[in-house]
Amino acid sequence: MQVRGRRFDDGTSVSVAIGEGVITDITPVTGDANDPWLAPGFVDLQVNGYGGQEFNDLDLTTDQVVRVSLAMDADGVTSYLPTATTHSFEMLSSTMKILAAACEESPEVARRVPGFHLEGPYISKQDGPRGAHPLDHCRPPDWDEFQRLQEAAGGRIRILTLSPEYDGSAEFIAKAVVKGVLVAIGHTAANSDQIRAAVDAGASMSTHLGNAAHGQIRRHPNYIWDQLADDRLVASLIVDGHHLPSSVVKSFVRGKTPERCVLVSDLVGMAGMPPGQYTNTSIGSIEILDDGKIVVAGQQQYLAGAGLPITYGVANIMRYTDCDLRTAIEMASIRPAELIRQTPTQLAVGSRADFVAFDLPDTGPATVRQTINQGELVFDASDTTD
Ligand SMILES: [Zn+2]
């Protein structure tokens, strides 16, 4: 198979030959105005579901996991972490089991899903930091419970988002990190000392920094500055145009540096559905507003997740921070892969052939033309039967 396009890193046009799932040759060619951009496939560390299906669902089936996984292809996502959010042990262990079974039964899921993200249930009970997570299920960290969930997941929980505001958090974090889990701080009301202790214990990421926070907070110190200033924390950012104003995105990326930022979509299962009120198996009543914002029903302040894929983040981050495409791809593809200890795809001979061919229009998201996963064309926008 042969794909041509402009390299994301230097803009030169190339023809890429692929065989047996890897890049076998890259040849410079004369550029053509119609060439798409070529870049490593997007790696999305936070996806709660898609197309009406939440992963937090006691009736979840492995077929539904296959469907959500295949749906990622259209957005240029070649790897993603299915994400389960705060809920009962029964719900979370059921979700972990079904996700694990899907990875074992389906090669299509296995090659797209390098692991899972457990967001909660050890998060803040406070309104604001809690976001849309159900209050009744927010709780302090419980090592025995976490081990049982990790067992249900077949050891596939790669990221655990928690709030270090509870007693015993640092000890819990240290144990999880020893077991190879990336611990992220999120949905937190922790103070400066608690955040520092969490990072000292091995926490290395901030989950959707700037979201899941109080509507009003003390100007300083606060948990946003504390995390922004700690160079040991990589920040995940939802840059869909709704979750963070452009000035905040720009300030975060300047403060963290692009090397310490990754883009996530945080898609909820209702992503892509028309405006209206819905009952969601994970967080109850939600409402999709006319502008695509997804909020907890009955109020418009607390977002209940995102409805726009990472292709929006790629285009928006370039507009908001004036960064080049190479930098945007580092935040959308390369750094997220490194964080979960995947070898990132490179446009180089011998690299795993996971990539995306896309256009960057003046407005709106990156538009995907083709997605290639392990050397196989899994999405082609020109294929009208797809
Ligand atoms: Zn969240």
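Since the structure is predicted, the reported quantities are computational estimates derived from the model, not experimental observations. (Residues numbered from 1 in each chain as written. Predicted model: local features only at pLDDT ≥ 70, side-chain atom pairs only at ≥ 80, totals over all residues. Heavy atoms only, no water.)

Examining the layout of surface pockets
Step number 1: The space that makes up the largest pocket amounts to roughly 640 Å³.
Step number 2: The wall of the largest pocket is formed by 36 residues, among which Gly210, Asn211, Ala212, Ala213 and Leu303 lie closest to the centre.
Step number 3: Looking at the lining of the largest pocket, its residues break down into 14 nonpolar, 18 polar and four charged.
Step number 4: Empty space within the second largest pocket amounts to approximately 150 Å³.
Step number 5: Looking at the second largest pocket, the residues that line it are Ala189, Ala190, Asn191, Ser192, His214, Gln216, Ile217, Arg218, Pro221, Asn222, Tyr223 and Asp226.
Step number 6: Split by residue class, the lining of the second largest pocket holds five nonpolar, five polar and two charged. (1 Å grid on protein atoms, 1.4 Å probe; cavity = no way out; pocket = protein on both sides within 12 Å on 5 of 7 lines; lining within 4 Å. Points joined across faces, edges and corners; volume = space filled by probe spheres on them. Nonpolar A, V, L, I, M, F, W, Y, C, P; charged D, E, K, R; others polar.)

Considerations on helix α1 (residues 62–71)
Step number 1: Of the residues making up α1, those classed as buried are Thr62, Gln64, Val65, Val66, Val68 and Ser69.
Step number 2: Contacts from the buried residues of α1 go to β6 (49–50), β7 (53–54), β8 (77–85), α2 (89–105) and α3 (107–112). (Buried < 20%, exposed > 50% of the residue type's maximum accessible area, 1.4 Å probe, protein only. Helix = DSSP H or I, 4+ residues; strand = E, 2+ residues; numbered from the N terminus. Contact = heavy atoms within 4.5 Å.)

Thoughts on the pairing of strand β13 (residues 234–237)
Step number 1: Here β13 shows no split at all, with Val234 and Ser236 on one side and Ala235 and Leu237 on the other all buried.
Step number 2: The pairing of strand β12 (residues 205–206) with β13 spans two bridges and is parallel. Its bridge partner lying in β13, Met205 is registered against Val234.
Step number 3: By the bridge criterion, three bridges tie β13 to strand β14 (residues 261–263) in an arrangement that is parallel. Within β14, the residue paired with Ser236 across the bridge is Val262.
Step number 4: Following the chain from β13 across helix α8 (residues 246–256) to the adjacent parallel β14, one finds a crossover that is right-handed. (Pairing = 2+ DSSP bridges. Right-handed = clockwise from strand over helix to strand, strands pointing away.)

Quick notes on the sheet that holds strand β3 (residues 22–28)
In a beta sheet, neighbouring strands pair by backbone hydrogen bonds and run either parallel or antiparallel.
Step number 1: Spatially, β3-β2-β1-β4-β18-β19-β20 is the arrangement adopted by the seven strands of the open sheet, whose pairing is mixed. The outermost strands of the open sheet, each flanked by one partner alone, are β3 and β20 (376–380). Going from strand to strand, the sheet's axes swing by 35° on average, the running direction of each strand aside.
Step number 2: Pairing geometry for strand β4 (residues 37–40) and strand β18 (residues 355–359), over four bridges, is antiparallel. Note that in β18 the partner of Leu38 across the bridge is Ala357.
Step number 3: Lying on the sheet, helix α10 (residues 325–339) is in contact with β4 and β18; it crosses β4 at an angle near 40°. (Axes fitted to C-alpha atoms, helices over the stretch in contact; angles between N-to-C directions.)

A word on empty space enclosed by the protein
Empty space left among the atoms is revealed by rolling a probe the size of a water molecule over them.
Step number 1: Counted according to the given criterion, the structure contains two cavities of 30 Å³ or more.
Step number 2: Approximately 80 Å³ is the volume found for the largest cavity.
Step number 3: What lines the largest cavity is a set of 14 residues, and nearest its centre among them are Thr188, Gly210, Asn211, Ala212 and Gln227.
Step number 4: Broken down by element, the residue count for the lining of the largest cavity peaks at three residues, all from helix α7 (residues 223–229).
Step number 5: When its residues are assigned to classes, the lining of the largest cavity shows six nonpolar, eight polar and no charged.
Step number 6: The space that makes up the second largest cavity amounts to roughly 40 Å³.
Step number 7: In terms of lining residues, the second largest cavity is bounded by Ile238, Val239, Asp240, Val264, Ser265, Leu308, Pro309, Ile310 and Gly313.
Step number 8: When the residues that make up the lining of the second largest cavity are grouped by side-chain class, the tally is six nonpolar, two polar and one charged.

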